[in-house]
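Summary of structural features
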Amino acid sequence: MVKEIPSSTQSSKSAAKFLSALTAGFLVLNASATSSGAQTFNRAFAVSPEKSELEVVNQAGTIKVTAGANPNKIVINARHSDGAAKINATQNALGKVKVEVTGRGKVDFEIAVPASSSIDLLSYQGAIVVTNLAGAVRARVTDGDIQIDGLRSARVDASCTQGNVSFSGEVLPSGRYTLKSFSGRVDAILPADADFKLSASSFRGGIDLGAFQMKFDKNSHQLVEASHGAGRASISLWTQEGSIHLRRKP
Amino acid sequence: MECRAVVSSLSDYLDARNIWESDDEVEQIETHLTNCPTCRNLKLELSEIKNASRELPLHTPPTALWARISKAIETEISTENGSARRTQNASGWWGWMNSRKFTFSLPQLAAAGAFAAILIVAGISGIFGEKPSQMNFRNAQGSLLLPEEDEIKANLERRLGAINARKAQWDLERRSDFEQRMNRIDESLKRCRNMLEDNPNDAGRQEMVRALYDEKRQLLEDVERLKW
């Protein structure tokens, strides 16, 4: 079930001159990566597109997840510059893939998943970028930004303590979307005909509803409860110290 | 903000006292702490001292102790001044204390002042301070303002207790970072709770307090998931 892609090439002891030259060439190329201290980690897991699940827990560094070309594979590429960080990637009996970084050091991930995958991402320090997915998204950053683009998902839960959260995508009728930041800005870019009930709360920074014509239940500087269209989806936006901005998708 | 101003405000800042003229003042301190490693280290050291003082056992002196001290002073008075003088000073040892002239050098005064300050801080921490497992938590809360607040508090306390037990193994930077974030959320929580106290039925304010408790839970959950 698990397919590993080798991350380094060992020099061959073969006598063939051609292979020796090729290997030497590769080592020269590889040396630049080694001299800068960067190491790579590459792995691929076979998954079922209907049940694909991914969890990533990263101490520091960026996590980028996007819909990949292969609907049956989760492909993980990581780059880390600190030898103290250890990456462990496993798949359980149900097919869920879990990637965990332990130890100190920055690890940057680029992961391709089937578009329908459910993902659960955590980075203590670093950004999370999610693009073109249709499955449930849970993204959590303690210190860093979250950017979610081109989403067609019914469940989004993105929050950070220090950093900005931005969402751009479709609003499905049964969808529940929660975007939160303790001290950063929250941006939601939604289709003009989106049908949703909004709860937006900003203690300090104010709430800007853009061009959406809302039907208000509550409307104050710090709290807005309103609906747009029939109000079927639920959108909850919260920031303690930042501002909230709602924009219509051009 | 200059280092001197931050240093003089650090103690109040760490005690999370509401003495600031504006929120900006707190922000200025926090900005300075982010940018100034010297002040950040000082803040860390003060935090450590404060936390360590919470660990000190609180000793209640036996009731007979004060009587013995009083008696010893009386005896000394009688030895020094003789029986005639003792009769004259009807107010006892307090009168004797008042009648004496004490002179101290500046360093002696400074040392005595510092010692007194440490005793006061240790005493207050011992009496009113929290155990480490409750750190950063009870400060932000008084009476219950949400129907489910007890449950939320219990959950957070349990999680924070487990984290505090592991915190000794963290390096200084990690500890400082975590505590700073917790303090910042606690400050906001305290502010919003104060507002809710003024109008306990304000549903909007209730949601704000809930959101801050949830932010705190999230941070604790992050640390758990990161296996620190």
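Residues numbered from 1 in each chain as written. Chains lettered and ligands numbered in written order. Predicted model: local features only at pLDDT ≥ 70, side-chain atom pairs only at ≥ 80, totals over all residues.

**Focus: the overall build of chain B**
- Looking only at helices and strands, chain B has nine helices and zero strands in total.
- What you see in chain B, going N to C, is helices and strands ordered as α-α-α-α-α-α-α-α-α.
- Within the span of chain B, comprising 228 residues, buried residues form 15% of the whole.
- Looking at chain B alone, contacts between residues at least 24 apart form 68% of all its contacts between residues at least 6 apart. (Helix = DSSP H or I, 4+ residues; strand = E, 2+ residues; numbered from the N terminus. Buried ≥ 20, exposed ≤ 12 C-beta atoms within 10 Å, placed from the backbone. Contact = placed C-beta atoms within 7 Å.)

**Description of helix α8 (residues 172-198) of chain B**
- Under the 1.5 Å per step criterion, the end-to-end length of α8 of chain B is 39 Å for 27 residues, consistent within 8% with the ideal 39 Å.
- Of the positions making up α8 of chain B, those classed as buried are Phe-178, Arg-181, Met-182, Arg-184, Ile-185, Asp-186, Glu-187, Ser-188, Leu-189, Cys-192 and Arg-193 of chain B. (Expected span 1.5 Å × (residues − 1).)

**Remarks on the pairing of strand β22 (residues 244-248) of chain A**
Residues and elements named next belong to chain A.
- Note that strand β16 (residues 186-190) and β22 share five bridges and pair parallel. Pairing of Ala-188 across the sheet is with Leu-246, part of β22.
- Bridge count between strand β18 (residues 207-208) and β22: two bridges; the pairing is parallel. What sits directly across from Asp-208, in β22, is His-245. (Pairing = 2+ DSSP bridges.)

**Overview of the interface of chain A and chain B**
- Contacts between chain A and chain B engage 17 residues on the former and 15 residues on the latter.
- Those elements that place two or more of their residues in the side of chain A that touches chain B are β3 (53-60), β9 (118-125), β11 (137-143) and β13 (155-162) of chain A.
- When grouped by side-chain class, the residues that make up the side of chain A that touches chain B number seven nonpolar, eight polar and two charged. (Nonpolar A, V, L, I, M, F, W, Y, C, P; charged D, E, K, R; others polar.)

**Considering the nonpolar core**
- With 75 residues, the main nonpolar core has Ile-74, Val-137, Ala-139, Ile-148 and Ala-158 of chain A as its most contacted residues.
- Counting residues in each nonpolar core, the second largest holds five residues, with Val-6, Tyr-13, Leu-33 and Cys-39 of chain B among its members. (Core = buried A, V, L, I, M, F, W, Y, C linked by C-beta atoms within 7 Å.)

**Topic: the packing of α8 of chain B against helix α9 (residues 203-225) of chain B**
Residue and element names in this part refer to chain B.
- Contact geometry for α8 and α9: axes closest at 9 Å, N-to-C directions at 165°. Our classification of the angle between α8 and α9 gives roughly antiparallel. Classified by chirality, the crossing of α9 by α8 is left-handed. Along its contact with α8, which presents Phe-178, Arg-181, Met-182, Ile-185, Ser-188, Leu-189, Cys-192, Arg-193, Met-195 and Leu-196, the element α9 presents Arg-205, Gln-206, Met-208, Val-209, Leu-212, Glu-215, Lys-216, Leu-219 and Val-223. (Axes fitted to C-alpha atoms, helices over the stretch in contact; angles between N-to-C directions. Parallel < 35°, antiparallel > 145°, perpendicular 65-115°, else oblique. Left-handed = near helix turned anticlockwise from the far one by under 90°.)

**Here we look at the packing of helix α7 (residues 149-166) of chain B against α9 of chain B**
Residues and elements named next belong to chain B.
- Closest axis-to-axis distance for the α7/α9 pair is 10 Å, and the angle between their directions is 30°. What the angle tells us is that α7 and α9 run roughly parallel. Along this stretch, α7 crosses α9, giving a crossing that reads as left-handed. On the side of α7, the interface is formed by Ile-152, Leu-156, Arg-159, Leu-160 and Ile-163, while α9 contributes Tyr-213, Lys-216, Arg-217, Leu-220, Val-223 and Glu-224.

**Notes on the environment of Gln-218 of chain B**
- With respect to the helices and strands, Gln-218 of chain B occurs in helix α9.
- When the 18 C-beta atoms within 10 Å are taken as the criterion, Gln-218 of chain B is described as partly exposed.
- Not counting the four nearest positions on each side in its chain, Gln-218 of chain B is found in contact with Arg-140 and Ser-159 of chain A.

**Quick notes on the environment of Ser-123 of chain A**
All names here are of chain A.
- Secondary-structure assignment places Ser-123 in strand β9.
- Taking the number of C-beta atoms within 10 Å as the measure of exposure, Ser-123 has 28 and is therefore buried.
- Separated by 64 residues in sequence, Ser-123 and Gln-59 have C-alpha atoms that sit 5.6 Å apart.
- Once you skip the residues sitting within four places of it in the chain, Ser-123 turns out to touch Asn-58, Gly-61, Ile-63, Ile-128, Val-141 and Gly-144.

**Section: the pairing of strand β8 (residues 107-113) of chain A**
All names here are of chain A.
- Going residue by residue along β8, you find Val-107, Phe-109, Ile-111 and Val-113 tucked away on one face and Asp-108, Glu-110 and Ala-112 left uncovered on the opposite face.
- Alignment of strand β4 (residues 63-67) against β8, held across five bridges, turns out to be parallel. Opposite Val-65, over in β8, you have Ile-111 as the bridge partner.
- Of the pairings in the sheet, the one linking strand β5 (residues 73-80) to β8 comprises six bridges and is antiparallel in character. Paired with Ala-78 across the strands is Phe-109, a residue of β8.

**Some details on the environment of Val-223 of chain B**
All names here are of chain B.
- Of note, Val-223 is situated in helix α9.
- In this structure, the C-alpha to C-alpha distance between Val-223 and Phe-178, residues 45 residues apart in sequence, is 8.9 Å.
- Discounting residues that sit within four places of it in the chain, Val-223 has contacts with Ile-163, Phe-178 and Trp-228.

**Here's the deal with the sheet that holds β13 of chain A**
- Ordered in space as β6-β7-β3-β9-β11-β13-β15-β21-β17-β20-β19 (chain A), the eleven strands form an open sheet in which the pairing is mixed. One side of each edge strand has no neighbouring strand; the edge strands of this open sheet are β6 (86-91) and β19 (215-219) of chain A. Ignoring which end each strand starts from, the neighbouring axes of this sheet average 5° apart.
- Each of β3, β9, β11, β13, β17 (196-202), β19, β20 (223-228) and β21 (233-239) of chain A is contacted by α9 of chain B, which is oriented at about 85° to β11 of chain A, the strand it contacts most.

**With respect to unusual backbone geometry**
- Unusually for a residue other than glycine, Asn-132 of chain A sits at a positive phi of about 60°.
- Looking at where Asn-132 of chain A falls in the secondary structure, it is placed in the loop between β10 (128-131) and β11.
- With 14 C-beta atoms packed within 10 Å, Asn-132 of chain A lands in the partly exposed category.
- Even without being a glycine, Lys-227 of chain B presents a positive backbone phi close to 60°.
- One can find Lys-227 of chain B in the segment after α9.

**Describing the confidence of the model for chain A**
- Chain-level pLDDT for chain A is 87 on average; 84% of the residues reach the 70-or-more range.
- Note that pLDDT drops below 50 for residues 1-35 of chain A; the model gives that stretch 20 contacts with residues more than four away or on any other chain. (pLDDT = per-residue confidence, 0-100.)

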